[in-house]
Amino acid sequence: MDTLSDSSIPGTPQCPAYQFVILSLSFLLLINSTAFSEGKKPLKANLLIYSAGSWMVFSDKPAPYAFNKFTRTLYGQIFGLSGMAKIPLDLTIPNTSTAPRMWFGDFDFYVGKRFGWIEPRIGLELPLGYAIDDDWKKKAWIGTNNVRLQTGFSISRTHFETIGLPFGAEAMMSVALTEKNAHYERGTINGSLYLKTSRNFLKKLNGGLELAVYGKSGIPTWSRTRKRENGITLLPALFGSFRTAKKMFIGVKFGFGPSFGVYQNSEQSEHRSNSMDCGISIQYYP
């Protein structure tokens, strides 16, 4: 699965998952051109988000890393299934002599189907052309460069409130399918959990709290010791949105929290860094 194809797209993995995601990409892009037209019930857009944000990492190094993303995210309906497609443009500003780099990150999509109070989801994350040459280790971080299969679920706040919990939840776990020119070996696991609650303060103003938990377990491909890295980041955040038009909102978000890591055969975790996540978005409901 980690071989490269001979096609005109360098770095293309020869694997069924990639062929599947190409078909899905073409299909989801079709939503963007047709779902806004009336009467196209099989393909329907529910929410389009343009966002700009920065993830900054503060550690003992001389200066923080800054991972900036300019993202277009589309939520919609696909033949009775809910779906999401996201394409980020990443700008990384490292704290070393490595030059800043801007390129498309990972194309991220999933589809889901609600069953009562829970919505199972399945999807893929596909690198969009970064880190495909012999100098990939020397370049500023854009992403892991692993094709990843992901699955998870969401629970709406409405259903949680029936049992006295005033928040919603989303969880996703991904596993790396490829490792050629990637930062981590095939089989690396990443996970995320979001707990969110919000309320309306004014007619046009909404705000709330979010707790995000990010986890990772994998072996770096360049590691000589072949030690597995395990890491977790806790990121509480404040967010809000203000309605500027009938179908349009402006959103803001700010979060800050610690990251911890545990190496294989180590008995204690260590505090590695602190992370700050902030951003602004335009949300449009067709």
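The structure this text deals with has already been given above.
All of the points below concern the structure found in this document. (Residues numbered from 1 in each chain as written. Predicted model: local features only at pLDDT ≥ 70, side-chain atom pairs only at ≥ 80, totals over all residues. Heavy atoms only, no water.)

**Things to note about the overall build of the protein chain**
Move 1: Looking only at helices and strands, one finds two helices and 13 strands in the protein chain.
Move 2: In the protein chain, which comprises 286 residues, the proportion classed as buried is 38%.
Move 3: The long-range share in the protein chain, meaning contacts at least 24 apart out of those at least 6 apart in sequence, stands at 54%.
Move 4: For the protein chain, the exposed area adds up to about 16,100 Å²; of that, 61% sits on carbon and sulfur atoms. (Helix = DSSP H or I, 4+ residues; strand = E, 2+ residues; numbered from the N terminus. Buried < 20%, exposed > 50% of the residue type's maximum accessible area, 1.4 Å probe, protein only. Contact = heavy atoms within 4.5 Å. Areas by Shrake-Rupley, 256 points an atom, 1.4 Å probe, with all protein chains shown as cover.)

**What about the pairing of strand β10 (residues 205-218)?**
Move 1: Bridge analysis of strand β9 (residues 189-200) against β10 gives twelve bridges, and the strand direction is antiparallel. Bridging from a neighbouring strand, Tyr194 pairs with Ala212 of β10.
Move 2: In textbook terms, the turn of a hairpin is the stretch between consecutive antiparallel strands, and for β9 and β10 this stretch comprises four residues.
Move 3: Inspection of the sheet shows β10 paired to strand β11 (residues 229-245) by 14 bridges, in the antiparallel sense. Residue Tyr214 lies in a different strand from β11, and its bridge partner there is Thr233. (Pairing = 2+ DSSP bridges.)

**As for the side chain of Glu125**
Move 1: With respect to the helices, strands and loops of the structure, Glu125 is situated in strand β6 (residues 119-127).
Move 2: Taking relative accessible area as the criterion, Glu125 reaches 13% and is therefore assigned buried.

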